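Remarks on the overall topology
Now for the letters of each chain:
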Amino acid sequence: MNLRELCKLLEAKMHCCEELLEKEITYVCAGDLMSDILMFSEPNALLVTGLVNIQVIRTAEMLDISAVLFIRGKTPTDEMLELAKTKGIPLLTTDHTFYLSCGLLYEAGLKNAPMKTDKNELKY
Amino acid sequence: MEKGKKPVSKDIKHEYPIRGMDFVAAGEASSNIKHTLQLIGFAPAIIRRAAIAAYESEMNIVIHATEGTLKTTISPERIEIIAADTGPGIPDIELAMREGYSTAPDHIREMGFGAGMGLPNIKNVSDEFTLDSTFGKGTTLKVVIYNQ
Ligand SMILES: Nc1ncnc2c1ncn2[C@@H]1O[C@H](COP(=O)(O)OP(=O)(O)OP(=O)(O)O)[C@@H](O)[C@H]1O
Ligand SMILES: [Mg+2]
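As a starting point, this report considers the structure included with it. (Residues numbered from 1 in each chain as written. Chains lettered and ligands numbered in written order. Predicted model: local features only at pLDDT ≥ 70, side-chain atom pairs only at ≥ 80, totals over all residues. Heavy atoms only, no water.)

On a plain count of helices and strands, chain B comes out with five helices and five strands. Reading the secondary structure of chain B in the N-to-C direction produces β-α-α-β-β-α-α-α-β-β. Computed over its C-alpha atoms, the radius of gyration of chain B comes to 16 Å, within 12% of the 15 Å expected for a compact globule of 148 residues. Projecting the C-alpha coordinates of chain B onto the three principal axes gives extents of approximately 60 × 30 × 30 Å. Counting every position in chain B, which comprises 148 residues, the buried fraction comes to 48%. In chain B, the share of contacts with a sequence separation of at least 24, taken over all contacts with a separation of at least 6, comes to 62%. As displayed, chain B offers around 7,900 Å² of accessible surface, 53% of which is attributable to carbon and sulfur atoms. (Helix = DSSP H or I, 4+ residues; strand = E, 2+ residues; numbered from the N terminus. Rg over C-alpha atoms; globule rule 2.2 N^0.38 Å. Buried < 20%, exposed > 50% of the residue type's maximum accessible area, 1.4 Å probe, protein only. Contact = heavy atoms within 4.5 Å. Areas by Shrake-Rupley, 256 points an atom, 1.4 Å probe, with all protein chains shown as cover.)

Here's what the structure looks like:
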């Protein structure tokens, strides 16, 4: 699904990088602890999080995350928007809860981003 | 080349100072490293691994140490990252390497760090991993990622 469809599904608002509305999303990773997120090994995933600070954008940048969705009405700061714009990472917000957001995305067929185990295997 | 002159190394070397507890600048060094690797033209999967290693090491200096540096040596064959700081050091390296082990206080966890996954993550993405630390003195982490 692309970001336009994703916004519709989650009643989400896109705060920057509108030129990327057609960008396709296949995988999702979710969490509030950045090192948990940094274990995901699939690039071009959507990051769903309730954490709002500049390090979320840095984490997304390092992982080649396609877009970040903030849940439960949390909005990114101006500083975060500035950085996201320069890195070309769309920031989205929804009023839905964490659980409902993930549930809707799962139901719509988006896949769980795989993690790399210490044996270098992919765990889905 | 002039006679008698040593051949110049083709390695690209950079050094980035990192300040402890500076959460505004945190991540900038890793962002620069990532950008350099992109300019050189490494494959995205290699760049990603190096970026994760750099960022987790940088955040460890920001969160756990007073000050340090990130040094990179880049050649067509390998990317080397050395994260060195001047303390406080790690008393028990084996314990620090355990998934989920963290001494990060609550206010750090509220910022999204302190899962105790940083060092295991770095190990996972690297081909060579050497962690040396002297409690009271400082920590040096050397990571190498092969370009293959
Ligand atoms: N540079 C360092 N100086 C001193 N102690 C460190 C350093 N790096 C890591 N440690 C110690 O090792 C522990 C584990 O580090 P690790 O990076 O795995 O987890 P974390 O930094 O606590 O949390 P996370 O990386 O998941 O955000 C830390 O909590 C800290 O006690
Ligand atoms: Mg860490």
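Moving on, we come to the site of ligand 1. Not every one of the 20 residues close to ligand 1 is listed here, only the nearest: His64, Ser102, Thr103, Gly114 and Gly116 of chain B. Each of chains A and B places residues near ligand 1. Residue glycine 116 of chain B places a main-chain N or O atom 2.8 Å away from an oxygen atom belonging to ligand 1. Glycine 118 of chain B is positioned such that a nitrogen or oxygen atom in its backbone is 3.1 Å from an oxygen atom of ligand 1. In isolation ligand 1 offers 590 Å² of accessible surface; the protein chains occlude 95% of this area. When residues of the shell around ligand 1 are traced back to their parent elements, those giving at least two are α2 (44–64) and α5 (118–125) of chain B. In terms of residue class, the shell around ligand 1 is made up of eight nonpolar, 10 polar and two charged. (Near = heavy atom within 4 Å. Polar contact = N/O pair within 3.5 Å; in protein donor to acceptor, adjacent residues only side chain to side chain. Nonpolar A, V, L, I, M, F, W, Y, C, P; charged D, E, K, R; others polar.)

Here the focus is the side chain of threonine 139 of chain B. Residues and elements named next belong to chain B. By secondary structure assignment, the location of threonine 139 is in strand β5 (residues 138–146). Threonine 139 sits in the buried class, given a relative accessible area of 9%. There is a polar contact of 2.8 Å between the side chain of threonine 139 and the side chain of serine 133.

Our next topic: the sheet that holds strand β3 (residues 78–85) of chain B. Residue and element names in this part refer to chain B. Pairing in this open sheet of five strands is antiparallel, and the strands run β1-β2-β3-β5-β4 from one edge to the other. Since the sheet does not close on itself, it has two edges, and those belong to β1 (12–19) and β4 (128–134), each with one partner. If you compare each strand with its neighbour and ignore which way they point, the axes differ by 10 degrees on average. Where β4 and β5 come together, seven bridges link them in antiparallel fashion. When the bridges of β5 are listed, threonine 134 appears paired with glycine 138. (Pairing = 2+ DSSP bridges. Axes fitted to C-alpha atoms, helices over the stretch in contact; angles between N-to-C directions.)

Here we come to the packing of α2 of chain B against α5 of chain B. All names here are of chain B. Viewed as axis vectors pointing N to C, α2 and α5 meet at an angle of 155 degrees, and their least axial separation amounts to 9 Å. The orientation of α2 with respect to α5, classified from their angle, is roughly antiparallel. Considering how the two elements wind past one another, α2 and α5 form a crossing that is left-handed. In contact with Arg49, Ile52, Ala53, Glu56, Ser57 and Asn60 of α2, α5 contributes Gly118, Leu119, Asn121, Ile122 and Val125. (Parallel < 35°, antiparallel > 145°, perpendicular 65-115°, else oblique. Left-handed = near helix turned anticlockwise from the far one by under 90°.)

Residues and elements named next belong to chain B. As defined by bridge partners, strand β2 (residues 67–74) adjoins β3 across seven bridges and the pair is classed as antiparallel. Paired with threonine 73 across the two strands is glutamate 80, which belongs to β3. By the bridge criterion, seven bridges tie β3 to β5 in an arrangement that is antiparallel. Pairing of isoleucine 82 across the sheet is with lysine 142, part of β5.

In short, geometric facts, not functional conclusions.
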